[in-house]
Amino acid sequence: MTAVAIVPAGGLGVRFGADRPKQFLELAGRPIIIHTLRRLAACPDVSHIVVALPPTARPVFAALLETFPVEKPITAVAGGAERQESVRLALAAVPDGTSVVVVHDAVRPFATTELITATIAAARADRAAVVGHPATDTIKLVQDGLAYETPPRSTLYAVQTPQAFETGLLRDAHARAAAEQVTATDDAMLVERLGVPVRIVPGPRWNLKITHPDDLPLADFLWQRLAREST
Ligand SMILES: Nc1ccn([C@@H]2O[C@H](COP(=O)(O)OP(=O)(O)OP(=O)(O)O)[C@@H](O)[C@H]2O)c(=O)n1
Ligand SMILES: C[C@](O)(CO)[C@H](O)COP(=O)(O)O
């Protein structure tokens, strides 16, 4: 039974502030998105990758794939104004009969092939699975600059991607959210709204999402350190 990967890569990187979307910036000699695509392509379960791009980025992306080939079939679609819409548009390109989809941010290049494979397996067992780690900071609810409540830290996890789902479940979750005009910051929230619990797959804190400018030097350091440890 195969899985299809969905890569939301349609953002413009406003918080990063570069001259081009951050997923195309270079890390360790190749574009960030290429690192991510190659990690996904190395998963035995992944048969096909659907990438949601900024509308004007298709020629750039096609040229990147010429220079940095990826060893699995890739379908590029136009992304939407929000991450959730990009995932929904990519879902429309996932072939019928696909058992599991794994959604993984283009700007998270550190997720290992093993972690992605484990998340897919967890979704096969529990219908929905996400990578996360227990919160190590105390998290507070804040309004107008004032903290008014502190949820028990033992119940809080920092959740990342990959996030994997039974394909039909994710289609239903996105359809429901679109009908109710609900916007979430991750796909798991949409599935939780259907009353389906989501399995947590333990993941490393260094599964960094490159979001702000200072994330890139951190990513460079992490890449060198992790590459050195793997040699
Ligand atoms: N309309 C959007 C917005 C985001 N993403 C993707 O979702 C992932 C996580 O989003 P984020 O880190 O917020 O990227 P940006 O939206 O580009 O960043 P910003 O919010 O600072 O503009 C990224 O791979 C991004 O390309 C997407 O596919 N479509
Ligand atoms: C999906 C995600 O990576 C889980 O941590 C995160 O919510 C994406 O947030 P963003 O603001 O769209 O980058």
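Residues numbered from 1 in each chain as written. Chains lettered and ligands numbered in written order. Predicted model: local features only at pLDDT ≥ 70, side-chain atom pairs only at ≥ 80, totals over all residues. Heavy atoms only, no water.

We apply this condition: UniProt positions are given in the numbering used here, feature names are shortened, and annotations may be inferred rather than shown by experiment.
Going by what an unreviewed UniProt entry lists, the protein chain is known as 2-C-methyl-D-erythritol 4-phosphate cytidylyltransferase and is assigned to Chloracidobacterium thermophilum. Looking at the protein chain in UniProt, the text filed under Catalytic activity (unreviewed entry) is "2-C-methyl-D-erythritol 4-phosphate + CTP + H(+) = 4-CDP-2-C-methyl-D-erythritol + diphosphate".

## Topic: the site of ligand 1
Let me state the cut-off plainly: A molecule or strand has a residue near it when one of that residue's heavy atoms lies within 4 Å. For this analysis, a polar contact is any N or O atom pair within 3.5 Å, provided that within protein one partner can donate a hydrogen and the other can accept it, and provided that sequence-adjacent residues contribute only side-chain to side-chain pairs. With residues, only the protein chains shown are counted as cover, and all accessible areas are computed by Shrake-Rupley using a 1.4 Å probe. Method remark: on a 1 Å grid restricted to protein atoms, a set of points is classed as a cavity if a 1.4 Å probe fits but cannot get out and as a pocket if it is open with protein on both sides within 12 Å along at least five of seven lines; lining residues have an atom within 4 Å of a point. Those molecules having more than half of their atoms within 2 Å of a cavity or pocket grid point set are described as sitting in that cavity or pocket. The residue classification treats Ala, Val, Leu, Ile, Met, Phe, Trp, Tyr, Cys and Pro as nonpolar and Asp, Glu, Lys and Arg as charged. All others, Gly included, are polar.
Taken together, 19 residues lie around ligand 1, and Pro-8, Gly-13, Val-14, Arg-15 and Ser-86 are the ones closest in. Between Ala-9 and ligand 1, the recorded distance is 3.2 Å, taken from a backbone N or O atom to an oxygen atom. One of the backbone N or O atoms of Ala-81 is found 3.3 Å from a nitrogen atom in ligand 1. Within the complex, 88% of the 560 Å² of free accessible area of ligand 1 lies under protein. Judged by its atoms lying within 2 Å of the grid points, ligand 1 is housed in the largest pocket. By residue class, the composition of the shell around ligand 1 is seven nonpolar, six polar and six charged.

## Things to note about the layout of surface pockets
Keep this limit in mind: Grid points are joined across faces, edges and corners, and a volume is the space filled by probe spheres set on the points. Secondary structure follows DSSP: runs of H or I at least 4 residues long count as helices, runs of E at least 2 residues long count as strands, and numbering of each begins at the N terminus.
Approximately 1300 Å³ is the volume found for the largest pocket. What lines the largest pocket is a set of 47 residues, among which Arg-15, Arg-83, Asp-105, Lys-209 and Thr-211 lie closest to the centre. Elements with a contribution of two residues or more to the lining of the largest pocket: helix H3 (83-91), strand S7 (128-134), strand S10 (157-166), helix H6 (187-192) and helix H7 (215-230). The leading source of residues in the lining of the largest pocket is S10, at five residues. When the residues that make up the lining of the largest pocket are grouped by side-chain class, the tally is 20 nonpolar, 16 polar and eleven charged. Taken together, Leu-12, Arg-20, Pro-21, Phe-24, Glu-26, Pro-31, Pro-54, Thr-56, Ala-57, Val-60 and Leu-64 make up the full set of residues lining the second largest pocket. For the lining of the second largest pocket, the per-class residue count stands at eight nonpolar, one polar and two charged.

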